[in-house]
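Chain residues, written in single-letter form:
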Amino acid sequence: MNVRELDGKVVLVFGAGSSGAGMSNGEAAALAYAAAGAAVAAIDLNTAEADRVAKEINAAGGTGISITADVTSEADVARAVATAVQELGIPGVLHNNVGVPRMGSVLETDLDAWNASIGLNLTSAYLTCRHTIPHMLQAGRGVITNISSVASIRDTGYLYPAYSSAKAAVNQLTTSLALSYARQGIRANAILPGLIDTPLVSSKITDDPAALAARHEMSPTGRMGSPQDIANAAVFLASDKASYINGVCLPVDGGLAARCV
């Protein structure tokens, strides 16, 4: 694959930082887009994380800027998109990486917690699309990649109904976007990560070594995937090689979604 296949494109990565030690899906995507030639806006709630990723992009010879934004705030999202457009140009790719699982059954999740999970995992994608798509329509082109989850289409063994429900809605939002704007040159797809080894797993699901080992074993491959696996799929979907791929919810999961049990 040509590593400069995104030359001249501007990419907005919402959720580009990491929640702990190690590579996150958002960081891996931001770095991969930059390595493929794109100018990248690394957008995150954590200013230090957004700055770190942008600096890493620039240190590698790419073009990166950092923007601080809360994706649950429409004012923040609007400002972030406007800043990226002013500094880098019209976005050719919108990458929605924000997603945090909230553990607990329906009975253990009060309404405020439920609404917060929906806001973070679903409404954030609506907001970023709402403020980015007008620029894509102006340019007559664009790619939207929403990071969903295998939990949106099957039970993964973890109890997080608010998260899985929100991600299932992200899939349908993606379908709606894909069909609404296909004739205007905008494609929309979702990536459904399976069991991926990220800092979020330890901070939000489990940090028990035995449980993490069991998580590796849950995969048909016998190991969790890496953030680079998700990033590779994202770069492909953003490239002209995927110009006829639209409205797809793509599992990147080592075969997990294909397994019955």
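For the structure given in this document, a descriptive report is provided here. (Residues numbered from 1 in each chain as written. Predicted model: local features only at pLDDT ≥ 70, side-chain atom pairs only at ≥ 80, totals over all residues. Heavy atoms only, no water.)

## Overview of the pattern of salt bridges
Under the convention used in this document: By convention in these notes, a salt bridge is any Lys or Arg side-chain nitrogen within 4 Å of a carboxyl oxygen on Asp or Glu. A run of H or I in DSSP counts as a helix once it spans at least four residues, and a run of E counts as a strand once it spans at least two, with each numbered from the N terminus. Under the scheme applied here, a residue whose accessible area is under 20% of the maximum for its type counts as buried, over 50% as exposed, and between as partly exposed, the area being computed with a 1.4 Å probe on protein chains only.
Across all of its chains, the model carries seven salt bridges by this definition. With a shortest N-O distance of 3.1 Å, Glu 74 and Arg 130 are connected by a salt bridge. Here Glu 74 is found in helix α3 (residues 74-88), whereas its partner Arg 130 is found in helix α4 (residues 111-139), with 56 residues between them in sequence. Residue classification places Glu 74 among the partly exposed residues on the basis of a relative accessible area of 34%. Classification of Arg 130 by relative accessible area gives partly exposed; the value is 48%. Its salt-bridge partner being Asp 76, residue Arg 79 comes within 3.7 Å of it at the nearest N-O pair.

## Some words on the packing of aromatic side chains
To keep it simple, the criterion reads: Note on aromatic pairs: the rings of Phe, Tyr and Trp (six-membered ring only in Trp) are paired at centre separations within 6.5 Å, and the planes decide the class, stacked below 30 degrees, edge-to-face beyond 60, tilted for the rest.
For the coordinates displayed, the defined rule picks out two aromatic pairs. Centroid distance Tyr 158 to Tyr 160: 6.0 Å. Interplanar angle 35 degrees. Geometry classified as tilted.

## Quick look at the environment of Val 93
The test is simple: Contacts were defined at the residue level, with two residues in contact if any of their heavy atoms lie within 4.5 Å.
Mapped onto the elements of the fold, Val 93 is located in strand β4 (residues 93-96). A C-alpha to C-alpha distance of 6.3 Å links Val 93 and Leu 12, two positions 81 residues apart in sequence. When near neighbours in sequence (up to four residues on either side) are disregarded, Val 93 contacts Val 10, Val 11, Leu 12, Tyr 33, Met 136, Val 143 and Ala 238.

## Things to note about helix α2 (residues 47-59)
We apply this condition: Under the convention used throughout, the expected extent of a helix is 1.5 Å for every residue step, that is, one less than its residue count. In this context, the arc is that of the directions from the helix axis out to the C-beta atoms.
Counted at 1.5 Å a residue, the expected span for α2 with its 13 residues is 18 Å, and the 18 Å between its end C-alpha atoms agrees. Among all positions in α2, only Glu 49, Ala 50, Val 53, Ala 54 and Ile 57 are buried. End-on, the buried residues of α2 take up no more than an arc of 130 degrees, which puts them together on one face. Facing away from the buried surface of α2 by more than 90 degrees, the exposed residues are Ala 48, Lys 55 and Ala 59.

## Here's the deal with the sheet that holds strand β5 (residues 142-147)
Keep this limit in mind: Pairs of strands are assigned from DSSP output, requiring at least two bridges between the strands. Lines fitted to the C-alpha atoms define the axes, with helices restricted to the stretch that makes contact. Angles between their N-to-C directions range from 0 to 180 degrees.
A sheet is described by the order of its strands in space; here seven strands give the open sequence β3-β2-β1-β4-β5-β6-β7, paired in parallel fashion. Because the sheet does not close on itself, it has two edges, and the strands there are β3 (63-68) and β7 (249-252). Strand after strand, the sheet turns through a mean of 20 degrees between neighbouring axes, direction not considered. Pairing analysis gives four bridges linking β4 to β5, with the strands arranged parallel. The residue of β5 that forms the bridge with His 95 is Thr 145. Taken strand by strand, helix α1 (residues 25-35) contacts β1 (10-14), β2 (39-44), β4 and β5, and its axis lies near 175 degrees from that of β1. Its contacts with the sheet put helix α8 (residues 227-238) on β4, β5, β6 (186-193) and β7, and the angle it makes with β6 is roughly 165 degrees.

## Focus: the pairing of β4
The following threshold applies: Crossovers are marked right-handed if the path from the first strand over the helix to the second runs clockwise, as seen with the strands pointing away from the viewer.
Of the two faces of β4, the one holding Val 93 and His 95 and the one holding Leu 94 and Asn 96 are both buried throughout. As defined by bridge partners, β1 adjoins β4 across four bridges and the pair is classed as parallel. Opposite Phe 14, over in β4, you have Asn 96 as the bridge partner. The handedness of the β4 to β5 crossover, carried by α4, is right-handed.

## Looking at the pairing of β1
Judged by how many residues are buried, β1 sits mostly within the fold: five of five residues are covered. With burial as the criterion, each face of β1 is covered, one bearing Val 10, Leu 12 and Phe 14 and the other bearing Val 11 and Val 13. Where the polypeptide runs from β1 across α1 and back to β2, its parallel neighbour, the crossover connection is right-handed.

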